[in-house]
Amino acid sequence: MIRFISFEGGDGSGKSTQLELLAGYLSRQGISCLSTREPGGTNLGKMLRKVLLELRDEPISPETELFLYLADRAQHVQEVIEPAMAAGKLVLCDRFTDSTLAYQGYGRGVDLDALSRMNAIASRGVVPDLTFLLDCPVEVGLSRTQTRSSSHASRAAAKGKAEDRFEREGALFHEQVRRGFLELAQADLARIVVIDAARSIASIQQEIVMIVEQKLATRHSAK
Ligand SMILES: Nc1ncnc2c1ncn2[C@@H]1O[C@H](COP(=O)(O)OP(=O)(O)OP(=O)(O)O)[C@@H](O)[C@H]1O
Ligand SMILES: [Mg+2]
C-alpha cells in the first residue's frame, strides 16, 4: 500500500515538474492526492523557506540551517502529511528527509548518524513508501535553474529573487550532494528508485507513472 511518495534530487533535476505531472495523472485516474513541498508546506514553513532560500547575504551556520529545516519538517508532518495520509490521500512531497542527509550531511558535513536520528524525530517516524531520486549531472540541473531564472526574469526581479542560497554554492558542493543522494539510494534500494533525469520530461514521466502504477496494482491485489 503506498500512501506517501517523495521526490528527491539536486537543484533543477526536475522534481517539481515531475511531481506536478504525476499529481495530474493520478487525479485523472480518480486517485485523491495531496501535493506539498519542503521547505514551505505550512504557513510557518513558508516563513522558514524565505529565511532558508532567500536570505542570501546573511551567513547561516550549517547547524542553524539544519534546525530550520527540521522545524519546517516537524510542523509539516504534523499539520499536513499525517492528516492527509490519515484521510486516505496519496501524499506527494517535493523533498523530504533524504534532502537533509544529502545537503546538510554530504554537502555541509554534519554527522550522518546524528542527522538520521534528528530526521526520525522531525518526521515522527514517517517514511515515504516510495522515493524518486531524479539524478542528473550537476551542470545539467544548474543550467536548467538558470534558464528558469532568466525566463522568469521580470517576475524574479520584481520579487528581488534570483538564485537561491543553494544555487549559489559551487560545483563541488553540488557534486557532494549528488554523490550523497546516490549513496542513500544504494543503501535503500527497496524505497529509493533512481531515475535518469537527464532525459526528456515526457520519458521521465512515463517511467514514473509506470512505477507508480505497479505499486498501486500491488496495493489492489494485496487487498
Ligand atoms: N527533463 C527535463 N528536461 C529539460 N528541462 C527540464 C526537465 N525537467 C525540468 N525541466 C525544466 O528545468 C527547470 C527546473 O525544473 P524543476 O523546477 O522541475 O526542477 P526542481 O528539481 O524542482 O528544481 P529546484 O531544486 O530548484 O526546486 C524548469 O524550467 C523545468 O521546466
Ligand atoms: Mg522545485
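Below you will find a few notes about this structure. (Residues numbered from 1 in each chain as written. Chains lettered and ligands numbered in written order. Predicted model: local features only at pLDDT ≥ 70, side-chain atom pairs only at ≥ 80, totals over all residues. Heavy atoms only, no water.)

**A few points about helix α4 (residues 97-107)**
Within α4, 11 of the 11 residues are buried, which leaves it mostly tucked inside the rest of the structure. Where α4 is concerned, the buried positions are Thr97, Asp98, Ser99, Thr100, Leu101, Ala102, Tyr103, Gln104, Gly105, Tyr106 and Gly107. One or two positions beyond α4, positive phi appears at Gly109, with a value near 90°. (Buried < 20%, exposed > 50% of the residue type's maximum accessible area, 1.4 Å probe, protein only. Helix = DSSP H or I, 4+ residues; strand = E, 2+ residues; numbered from the N terminus.)

**Describing the packing of aromatic side chains**
In total, this model carries 7 aromatic pairs according to the counting rule given. Between the aromatic rings of Phe4 and Phe96, the centroid separation amounts to 4.9 Å while the plane-to-plane angle is 75°, which identifies the pairing as edge-to-face. Placement of Phe4 in strand β1 (residues 4-9) and of Phe96 in the loop between β3 (90-94) and α4 is noted, with a sequence separation of 92 residues between them. No difference in accessibility class separates Phe4 from Phe96, as the two residues are buried. Taking 6.1 Å as the distance between ring centres and 75° as the angle between the ring planes, the aromatic pair formed by Tyr103 and Phe181 counts as edge-to-face. Separated by 78 residues along the polypeptide, Tyr103 in helix α4 and Phe181 in helix α8 (residues 171-187) bring together distant segments of the chain. Residues Tyr103 and Phe181 agree in their burial class; the two are buried. Aromatic rings pair up to connect Tyr69, Tyr103, Phe166, Phe173 and Phe181 into one cluster. Between Arg73 and the ring centre of Phe96, over which it is positioned, the NZ or CZ distance is 5.3 Å. (Phe/Tyr/Trp six-rings, centres within 6.5 Å; stacked < 30°, edge-to-face > 60°. Lys NZ or Arg CZ within 6 Å of the ring centre and 35° of its normal.)

**A closer look at the environment of Ala87**
Counting through the fold element by element, Ala87 comes out in the loop between α3 (62-86) and β3. In this structure, the C-alpha to C-alpha distance between Ala87 and Leu112, residues 25 residues apart in sequence, is 33 Å.

**Side note on unusual backbone geometry**
Of note, the bond from Glu38 into Pro39 is cis; its omega dihedral lies within 30 degrees of zero at -10°. Positionally, Pro39 belongs in the loop between β2 (33-37) and α2 (43-54). One non-glycine residue, Arg95, lies in positive phi territory at about 75°. Along the chain, Arg95 turns up in the loop between β3 and α4. A positive phi angle, close to 50°, is found at Arg124, a residue other than glycine. With respect to the element layout, Arg124 can be found in the loop between α5 (112-122) and β4 (130-135).

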